[in-house]
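# Fold and geometry: a report
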Protein chains: 2
Amino acid sequence: MPDAVLALLRDGLGVRSAPGEPGPLEAISLAEPRLEADLFRPVIGHDNVHADPESRIRHTRGKSTPDLLRLRAREASDAPDLVLLPGSHDEVLELLSLCSDRRIAVVPFGGGTSVVGGLEPSAGGFDGLVALDLRRLDALVALDEESWLATLEPGLRGPQAEELLGARGYTVGHFPQSFEYATLGGFAAARSSGQASAGYGRFDELVLGLQVAAPAGTLSLGRAPKSAAGPDLRQLILGSEGAFGVITSLTVQVRPVPERRTYEGWRFSSFVEGIAAMRALAQGGPRPTVLRLSDEVETAMNLARPGEIGGSDGGGCLAIVGYEGAVDDVEARRAGAERVLLSAGGVAVPDAGEAWARDRYRGPYLRDALLDAGALVETLETVTFWSSVPGLYEAVSTALRDSLTAQGTPPAILCHVSHVYPTGASLYFTVACAEADDPLAQWHAAKTAASDAILAGGGSISHHHGVGRDHVPWYEREVGSLGVGVLRAVKAQLDPAGILNPGVLIPLP
Amino acid sequence: MPDAVLALLRDGLGVRSAPGEPGPLEAISLAEPRLEADLFRPVIGHDNVHADPESRIRHTRGKSTPDLLRLRAREASDAPDLVLLPGSHDEVLELLSLCSDRRIAVVPFGGGTSVVGGLEPSAGGFDGLVALDLRRLDALVALDEESWLATLEPGLRGPQAEELLGARGYTVGHFPQSFEYATLGGFAAARSSGQASAGYGRFDELVLGLQVAAPAGTLSLGRAPKSAAGPDLRQLILGSEGAFGVITSLTVQVRPVPERRTYEGWRFSSFVEGIAAMRALAQGGPRPTVLRLSDEVETAMNLARPGEIGGSDGGGCLAIVGYEGAVDDVEARRAGAERVLLSAGGVAVPDAGEAWARDRYRGPYLRDALLDAGALVETLETVTFWSSVPGLYEAVSTALRDSLTAQGTPPAILCHVSHVYPTGASLYFTVACAEADDPLAQWHAAKTAASDAILAGGGSISHHHGVGRDHVPWYEREVGSLGVGVLRAVKAQLDPAGILNPGVLIPLP
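Residues numbered from 1 in each chain as written. Chains lettered and ligands numbered in written order. Predicted model: local features only at pLDDT ≥ 70, side-chain atom pairs only at ≥ 80, totals over all residues. Heavy atoms only, no water.

The helix and strand tally for chain A stands at 18 helices and 18 strands. Relative to the 2.2 N^0.38 estimate, which gives 23 Å for 509 residues, the radius of gyration of chain A is 23 Å and therefore close to what a compact globule would have. Along the longest, intermediate and shortest principal axes, the C-alpha atoms of chain A span 65 × 60 × 45 Å. Out of the 509 residues in chain A, the part that is buried amounts to 62%. Summarising the internal contacts of chain A: among those between residues at least 6 apart in sequence, 75% fall at separations of at least 24. Of the accessible surface of chain A, which amounts to about 17600 Å², a share of 51% is contributed by carbon and sulfur atoms. (Helix = DSSP H or I, 4+ residues; strand = E, 2+ residues; numbered from the N terminus. Rg over C-alpha atoms; globule rule 2.2 N^0.38 Å. Buried < 20%, exposed > 50% of the residue type's maximum accessible area, 1.4 Å probe, protein only. Contact = heavy atoms within 4.5 Å. Areas by Shrake-Rupley, 256 points an atom, 1.4 Å probe, with all protein chains shown as cover.)

As a further point, take the relation of the copies chain A and chain B. Each copy of the sequence occupies a distinct position, and chain A is placed on chain B by a rotation of 180° and an axial shift of 0.0 Å, giving an RMSD of 0.0 Å. Those values place the two copies in the arrangement expected of a two-fold rotation axis. Distance from the rotation axis, computed per C-alpha, reaches its smallest value in chain A at Ala489 of chain A: 2.8 Å. The overlap is high: 100% of the interface residues of chain A also sit at the interface in chain B, so the same surface is used on both sides. (Least-squares fit on C-alpha atoms with pLDDT ≥ 70 in both.)

Residue and element names in this part refer to chain A. Most of helix α4 (residues 65–72) sits inside the fold, with 6 of its 8 residues counted as buried. On its buried face, α4 is in contact with α15 (363–372), β16 (375–385) and α17 (439–456). Where α4 ends, the next residue or the one after it, Arg74, has phi of about 65°, a positive value.

The partner chain B presents 74 residues to the 74 residues of chain A that form the contact. Approximately 5800 Å² of surface area, both sides summed, lies buried where chain A meets chain B, with 65% of it carried by carbon and sulfur atoms. When the area that chain A buries against chain B is broken down by residue, the three leading residues are Arg223, Lys226 and Leu482 of chain A, summing to 15%. Among the ionic pairs, Lys226 of chain A bridges to Glu205 of chain B, the shortest N-O distance being 3.8 Å. Scanning the region where chain A abuts chain B turns up 32 residue pairs in polar contact (both at pLDDT 80 or more). Residue classes in the side of chain A that touches chain B are distributed as 33 nonpolar, 28 polar and 13 charged. (Buried area = accessible area lost by both parts, 1.4 Å probe. Salt bridge = Lys/Arg side-chain N within 4 Å of Asp/Glu carboxyl O. Polar contact = N/O pair within 3.5 Å; in protein donor to acceptor, adjacent residues only side chain to side chain. Nonpolar A, V, L, I, M, F, W, Y, C, P; charged D, E, K, R; others polar.)

What follows concerns the packing of aromatic side chains. The final tally for this structure, using the stated rule, is 12 aromatic pairs over all chains. Geometrically, the ring pair formed by Phe175 of chain A and Phe179 of chain A is edge-to-face, given 5.2 Å between the ring centres and 65° between the ring planes. Residues Phe175 of chain A and Phe179 of chain A agree in their burial class; the two are buried. Residues Phe271 of chain B and Tyr393 of chain B carry aromatic rings whose centres are separated by 4.7 Å and whose planes lie at 55° to one another, so their mutual orientation is tilted. Placement of the pair is Phe271 of chain B in helix α11 (residues 271–284) and Tyr393 of chain B in helix α16 (residues 389–406), with a sequence separation of 122 residues. We classify Phe271 of chain B as buried; its relative accessible area is 5%. (Phe/Tyr/Trp six-rings, centres within 6.5 Å; stacked < 30°, edge-to-face > 60°.)

Quick look at the sheet that holds strand β2 (residues 82–84) of chain A now. Residues and elements named next belong to chain A. Taken together, the 4 strands give an open sheet; going across it, the order is β1-β2-β4-β3, and neighbouring strands pair in mixed fashion. This sheet does not close on itself; its edge strands, each paired only once, are β1 (49–50) and β3 (105–109). Pairing of β3 with strand β4 (residues 129–133) involves 5 bridges; the strand directions are parallel. When the bridges of β4 are listed, Val106 appears paired with Val130. Packed onto the sheet, helix α5 (residues 89–102) meets β2, β3 and β4 and runs at close to 170° relative to β4. (Pairing = 2+ DSSP bridges. Axes fitted to C-alpha atoms, helices over the stretch in contact; angles between N-to-C directions.)

For the rest of this paragraph, the subject is the sheet that holds strand β5 (residues 140–144) of chain B. Residue and element names in this part refer to chain B. The 5 strands are arranged β5-β6-β10-β8-β9 in an open sheet whose pairing can be described as antiparallel. In this open sheet, the two edge strands, each paired with only one partner strand, are β5 and β9 (217–221). Across this sheet, the average inter-strand angle for adjacent strands is 10°, counted without regard to direction. With 4 bridges joining them, strand β6 (residues 149–152) and strand β10 (residues 246–253) adopt antiparallel strand pairing. Its bridge partner lying in β10, Ala150 is registered against Val252. Taken strand by strand, helix α5 (residues 89–102) contacts β8 (207–214), β9 and β10, and its axis lies near 40° from that of β8.

Here the focus is the pattern of salt bridges. Residues and elements named next belong to chain A. Inspection of every chain in the model, using the stated rule, returns 56 salt bridges over all chains. The shortest N-O distance in the salt bridge between Glu331 and Arg260 comes to 3.2 Å. Of the two residues, Glu331 sits in helix α13 (residues 327–343) while Arg260 sits in strand β12 (residues 260–268), which places them 71 residues apart along the sequence. We classify Glu331 as partly exposed; its relative accessible area is 30%.

Residues and elements named next belong to chain A. Of all the residues in α15, the buried ones are Leu366, Arg367, Leu370 and Leu371. Projected onto a plane normal to the axis of α15, the buried residues spread over an arc of 140° and lie on a single side. Taken from the residues just after α15, Gly374 is the one with a positive phi, measuring 95°. (Arc of directions from axis to C-beta.)

Before going further, it helps to examine unusual backbone geometry. With an omega of -5°, the peptide bond between Gly285 of chain A and Pro286 of chain A qualifies as cis. Mapped onto the fold, Pro286 of chain A is located in the loop between α11 (271–284) and β13 (290–294). Here Arg103 of chain B, not a glycine, exhibits a phi torsion of approximately 55°, which is positive. Locating Arg103 of chain B in the fold gives a position in the loop between α5 and β3 (105–109). According to the relative accessible area criterion, Arg103 of chain B is partly exposed, its value standing at 36%. Of note in this structure, Asn501 of chain B is not a glycine but carries a positive phi near 45°. Looking at the secondary structure, you find Asn501 of chain B in the segment after α18 (472–494). Judged by its relative accessible area of 2%, Asn501 of chain B falls in the buried class.

Moving on: the nonpolar core. One finds Phe203 of chain A together with Phe203 of chain B to be the most contacted residues of the largest nonpolar core, which totals 190 residues. Of all hydrophobic cores here, the second largest spans 34 residues; its members include Leu84, Leu85, Leu95 and Leu137 of chain A. (Core = buried A, V, L, I, M, F, W, Y, C linked by side-chain atoms within 4.5 Å.)

Turning to the pairing of strand β14 (residues 317–325) of chain A, a few remarks are in order. Residues and elements named next belong to chain A. With 9 of 9 residues buried, β14 lies mostly within the body of the structure. Of the two faces of β14, both are covered, the one formed by Cys317, Ala319, Val321, Tyr323 and Gly325 as well as the one formed by Leu318, Ile320, Gly322 and Glu324. Taken together, the 9 bridges between β12 and β14 define a ladder with antiparallel strand orientation. Within β14, the position partnered with Arg260 by the bridge is Gly325.

What follows is about the packing of helix α18 (residues 472–494) of chain A against α18 of chain B. When two helices pack together, their arrangement is given by the angle between the helix axes and the distance between those axes. One way to put it is that α18 of chain A packs onto α18 of chain B with a least axis distance of 9 Å and a crossing angle of 145°. At the point where α18 of chain A passes α18 of chain B, the crossing takes the right-handed sense. Along its contact with α18 of chain A, which presents Leu482, Gly485, Val486, Ala489, Val490, Gln493 and Leu494 of chain A, the element α18 of chain B presents Leu482, Gly485, Val486, Ala489, Val490, Gln493 and Leu494 of chain B. Here the residues of the contact of α18 of chain A with α18 of chain B sort into 10 nonpolar, 4 polar and no charged. (Left-handed = near helix turned anticlockwise from the far one by under 90°.)

This part takes up the side chain of Asp495 of chain A. Residue and element names in this part refer to chain A. Residue placement: Asp495 occurs in the segment after α18. By relative accessible area, which is 1% here, Asp495 ends up buried. Not counting residues up to four positions away in its chain, the partners in contact with Asp495 are Pro215, Ala243 and Leu500.

Residues and elements named next belong to chain A. Mapping Thr382 onto the fold places it in strand β16. According to the relative accessible area criterion, Thr382 is buried, its value standing at 0%. The sequence separation of Thr382 and Val107 amounts to 275 residues, and the corresponding C-alpha distance is 25 Å. Apart from residues no more than four positions distant in its own chain, Thr382 is found in contact with Leu392, Ser426, Leu427, Phe429, Ile454, Gly459, Ser460 and His463.

Quick look at the structure:
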């Protein structure tokens, strides 16, 4: 942790004590498992049922700051009784059938990187809880080079999938911050959006086909890029967060590995000026592959370049603009976008683009270090149409600042535009403040205020983190009672016993 | 009708007799309406309930060849008892509530251009059938120029919407062949795809927000371009074909009216060579706004230029490649695409592009004239991934040819690639042959064979016509029994009495 950051935490935010790093896993005590491993061994084999404490703890909840705080406090009451590792679609089907019969709740588990309580089902009314870890489903099943399509299994982590495809000359092009751990099944189930989604598309746009194992049977969806044969049922599974079924195979669009990758930094005098430049590129083009813009505070903190936190900055707002593709295509888009950026008031910043690319997955590790130092750090995000972006930015910032200041812990609030569309953009907030005596209650109050502000300001409760359990009350307001009714009807059809991730996504009755 | 075409019909297809043009509407006799107009007048006003025969006949079925043949045979047994013209979302809600209580089936009616039986509900078990014509919902409600968003009412026909937006300098850019009659609500309900969808996107990609009146209440969907807050419920309404609810308002992406529109013709030596060129542009770019390719037969028939049917052609396969947008953008894309087209073996064809643009909506009128001349003419379409395109083209062509030849009416079969995506393309077939004694049975057999071939060949039963009633058996195979179960569950939630378009989209129990 650089001295400048420690000084900022101490002098700027009043961080006083460092509760220290998390203890060893063995220090966490778990309840006795309520389920016998032998119940599942005939289905998936002896070695694929894990009952040991470490496995159970590693499958407890996700990676939100409250999740980390609870584990640091040695609280693992949501631990699954068992961790199951099925090896095929049919085994998943059989496990779901067994769990339906025995009233055992199931949490589908990919990379475990949810930050919204997506791995924290309400298993209260059930006779047990199992984590269904899909890591053994890790094959590249087929590659159709003519159609730019790969059929992949859901347990593949981002780097594994890229390695398998890269050996054949292809890439999915999906690089969320969770890339190193998150799985393809998780990307799909949570409607993930990557850092290069401006160019490659969101994951929900890249998924062309899905096989789903549900307690009620198998769904095989997607015979074509687009179809007018009824509603797009793929879009009902994408974002279903394990509540409708378990994705056991995905057919996704791939592209040839880009010949060239170029990332640039551009500075704007203000967030407003930078947003206008982002909008010009998103609407009129040409569209870069990566496009993001930090506000003044985030730029000053240099969070766009985690390796240089605490270093000097030139003021204003830093944008990262990246291009990936064939050399001609990259050059044509770069030249076109440069004209737009210059005419919007942008000034090129040497090296900032490459620095961002080098450190692009470091954010979550930084958070761990800040927690170690006694700071409370968390992120949240939203998305809205362009005309609502400035108001939403103000409203969410104000809600966070007011809530935390009233609690005696005035925060630093950083924000960036993380993704752009022709009609709107997402806003990604990072909040840092001194940890109060009850940091869970402290953050819960701030997050509640921010979520209310998001809904009131016309935003969606999530652009890419998902609903999980944390966002359910606001999601319910977003889709309305009839929308919730539709979700419940779909769930009742696919999961009649309600075993899949109860309480996640869909409000409990 | 040009002499050359008449000669082709006579000599090439054996068309012998011309049953003549359709008779006057008055010659069609209707059953007495089973419903009293006074039931609905308190809700929507005296003048907005139409019981006259002409209104009823004009709201009977759609515009498929079987639909036209049945009206020509003066068969209008599916006529609604009444035509209702609500003037607001709340009036639609009230009508749906009333019809649910009274067990009256409802067919939502936009432009009446369905060619798949989408306007032909099974009203057998109900106490009556009303057509809900949305033409009075025809306002441009709001235009958000910053976000490129327009909120429009569903009853606006294509040209009406373009005129309202054009006066403000904007366009939706959605131009299906049905453009002149079809409505925005219909575009959304049927997942329409337009002739310029390569550039502007399909209609389902342009819809950002929806308000839906269902018997169970109101759904308001879409707070942002994209969201990770659960499944995308908009995609459940898009393609729902009036079976889930009535769309009463749409928020769609608009763009500034293009500064320039340029359409070019390109000739390839074979369909295979042309398809490779389409794929190169769809995958590697730059993407034209319009991109279509006729096979050898369609090129020879010159159907790509309806005004020049029967004129000379230069052999091979004709592609239409169009660009719309800002001058710089059009020029950059045109220059880039030209390089791709040339290297793929394309040869520029002067004037062909402009001729296509001039005649782009003439296809359906031509079909009327051919029917007048005693020919049976109909179209069907599908979509699949690139690697399946050649096999699907052969399989569907063969199925149509074999079926109609076995019936003693060997057909001419024309095809074009109508839309392209990075991972696949659609195929649009036109079939012409002599009319048999029972043309409905004749076409039913051919269409059944083609639909079976589509499913067996890996295609979707529709790329842009929809499911309607005609495609239900194949749609059921496409989504599987569990998929049908999901659709039924959603319908039961939104439309508990099952009054909305019964038998359309979802198989009857």
